[in-house]
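Residue-level listing of the chains:
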Amino acid sequence: MDLVNHMTDRLLFAVPKKGRLYEKCTQMLKGADIQFNRSNRLDIALCLNLPIALIFLPAADIPTFVGEGRCDIGITGYDQVMESDVDVKMGMDLSFGKCKLQIQVPQNGPYQTPEQLIGKTIVSSFVNLTRKYFETLEGVKEDEQLKTKIKYVGGSVEASCALGVGDAIVDLVESGETMKAAGLHAIETILDTSAHLIYSKHPSHPELLDLIQSRFEGLLAANKYVLCNYNAPRDKLPELLKVTPGRRAATVSPLEDDGWVAVSSMVERKDIAVKMDKLKSLGASDILTLEITNCRV
Ligand SMILES: Nc1ncnc2c1ncn2[C@@H]1O[C@H](COP(=O)(O)OP(=O)(O)OP(=O)(O)O)[C@@H](O)[C@H]1O
Ligand SMILES: O=P(O)(O)OC[C@H]1O[C@H](OP(=O)(O)OP(=O)(O)O)[C@H](O)[C@@H]1O
């Protein structure tokens, strides 16, 4: 069955079926109120409240499906998009699945720089990005052969050096625990990556794409900001508003007590503790921090 031609009334949305991005993706779909029931082992789920069909695919295959226009939109790692080298429109950074694609070598081995790996064997699941990196490093011209040998493995790449399959690896690193346990360390970062929305160049339901993007933007903003409320003496307001200017502007409301106002302002979560200290020292009182569960920005 050709889904693209059989589901013309639905936007086809590709999401990772398992792995590192799966949990966060389903959380984001839930937060955006994209409701679905996924039957056991079924890789298609029809949304209950929007004309969307979710297609569960391996993260590595999503750029191809979207690039060929078989799906309208997808979520996958920036690394997978770069590795696939397909024609998709890059959408928003979803701020999860953050890691680095790095060259890793044995800790006590003979290699300390990427140049020393020219002519050696490199093992990776990202053979295209690895090849491109070494082509640049070697300064390979069009009709020349790459001296460095690139070998593909599908997973557990970190075991390759100890098993004698390669001299170095190119793999994803987040905490660094996997590489440390395998006795490896980084000598170069090839790419910084995180999960992104990607779009087909000719999507079937452009208005739905805007809706999804707006809901995801709201979720990211809700996660990035908290709401800070406090009471302030009116004469201290100019100094206090410098600390909490808000995204656009703070909301200032009069209180029954004439000399006082109430202030409400969105503040970046990472700054909130320091800002609350500052507000207090400048004369604010009853300072509260409230979670934002969702918003439209
Ligand atoms: N350690 C990590 N930390 C954060 N994000 C990661 C990590 N490893 C991979 N990713 C991101 O998740 C994407 C999918 O990687 P993952 O290893 O889950 O692939 P998979 O092959 O679909 O799953 P599995 O490894 O279970 O077979 C990667 O392309 C990358 O963007
Ligand atoms: O720096 P860390 O936090 O330790 O994460 C890095 C590991 O995560 C990924 O593999 P994953 O565990 O997804 O399994 P895989 O080897 O089968 O791809 C990656 O390929 C590394 O092996």
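Keep in mind the model is a prediction, meaning the values are calculated, not measured.

## Observations regarding the overall build of the chain
Here is step 1: What the chain contains, in helices and strands, is 9 helices and 15 strands.
Here is step 2: Taken against the 2.2 N^0.38 rule, which gives 19 Å for 297 residues, the C-alpha radius of gyration of the chain at 25 Å runs more than 25% over that of a compact globule.
Here is step 3: C-alpha atoms of the chain, sized along the principal axes, occupy 80 × 55 × 40 Å.
Here is step 4: Looking at the chain residue by residue over its 297 residues, the buried ones come to 41%.
Here is step 5: Restricting to contacts in the chain with at least 6 residues of sequence separation, those with at least 24 account for 71%.
Here is step 6: For the chain, the exposed surface amounts to about 16,200 Å²; the carbon and sulfur share of it is 50%.
Here is step 7: Computing the positive centroid from 34 side-chain charges and the negative centroid from 39, the chain places the two 2 Å apart.

## Focus: the site of ligand 2
Here is step 1: Close to ligand 2 lie R20, S156, E158, D171, L172, V173, E174, S175, G176, E177 and T178.
Here is step 2: In the environment of ligand 2, an oxygen atom lies 3.3 Å from a nitrogen or oxygen atom belonging to the backbone of S156.
Here is step 3: Side-chain polar atom of D171 to an oxygen atom of ligand 2: 3.0 Å apart, as the coordinates give it.
Here is step 4: For ligand 2, whose free accessible area comes to 500 Å², the fraction covered by protein is 70%.
Here is step 5: Comparing atom positions with the cavity grids shows ligand 2 to sit within the largest pocket.

## Topic: the pattern of salt bridges
Here is step 1: Counted under the stated rule, the structure contains 10 salt bridges.
Here is step 2: The partner of E174 in a salt bridge is R20, and the shortest N-O contact between them spans 3.9 Å. Of the two residues, E174 is situated in the loop between β9 (168-173) and α6 (177-181) and R20 in the loop between β1 (11-16) and α2 (22-31); the sequence distance between them amounts to 154 residues. Taken as a pair, E174 and R20 share a single burial class, namely exposed.
Here is step 3: Between R269 and E291 there is a salt bridge, and its shortest N-O distance comes to 3.0 Å.

## Digging into the side chain of S194
Here is step 1: Here S194 shows up in the loop between β10 (184-193) and β11 (195-199).
Here is step 2: Accessibility expressed as a relative area gives 6% for S194, which makes it buried.
Here is step 3: In terms of polar contacts, S194 uses its side chain to reach the side chain of D93, at 2.9 Å.
Here is step 4: The residues touching S194, leaving out its near neighbours within four places in the chain, are T76, G77, Y78, D93, F96, G97 and K98.

## A look at the UniProt feature "domain: ATP phosphoribosyltransferase catalytic" (unreviewed entry) in the chain
Here is step 1: Listed under "domain: ATP phosphoribosyltransferase catalytic" (unreviewed entry) in the UniProt record, and renumbered for this structure, are residues 59-216.
Here is step 2: Regarding residues 59-216, the helix share stands at 26% and the strand share at 30%, and the terminal C-alpha atoms are separated by 19 Å.

Scoring rules and cut-offs
Residues numbered from 1 in each chain as written. Chains lettered and ligands numbered in written order. Predicted model: local features only at pLDDT ≥ 70, side-chain atom pairs only at ≥ 80, totals over all residues. Heavy atoms only, no water. Helix = DSSP H or I, 4+ residues; strand = E, 2+ residues; numbered from the N terminus. Rg over C-alpha atoms; globule rule 2.2 N^0.38 Å. Buried < 20%, exposed > 50% of the residue type's maximum accessible area, 1.4 Å probe, protein only. Contact = heavy atoms within 4.5 Å. Areas by Shrake-Rupley, 256 points an atom, 1.4 Å probe, with all protein chains shown as cover. Lys, Arg positive; Asp, Glu negative; His and termini not counted. Charge placed at Lys NZ, Arg CZ, Asp CG, Glu CD. Near = heavy atom within 4 Å. Polar contact = N/O pair within 3.5 Å; in protein donor to acceptor, adjacent residues only side chain to side chain. 1 Å grid on protein atoms, 1.4 Å probe; cavity = no way out; pocket = protein on both sides within 12 Å on 5 of 7 lines; lining within 4 Å. Sits in = over half its atoms within 2 Å of the grid points. Salt bridge = Lys/Arg side-chain N within 4 Å of Asp/Glu carboxyl O. UniProt positions renumbered as here; feature names shortened; annotations may be inferred.

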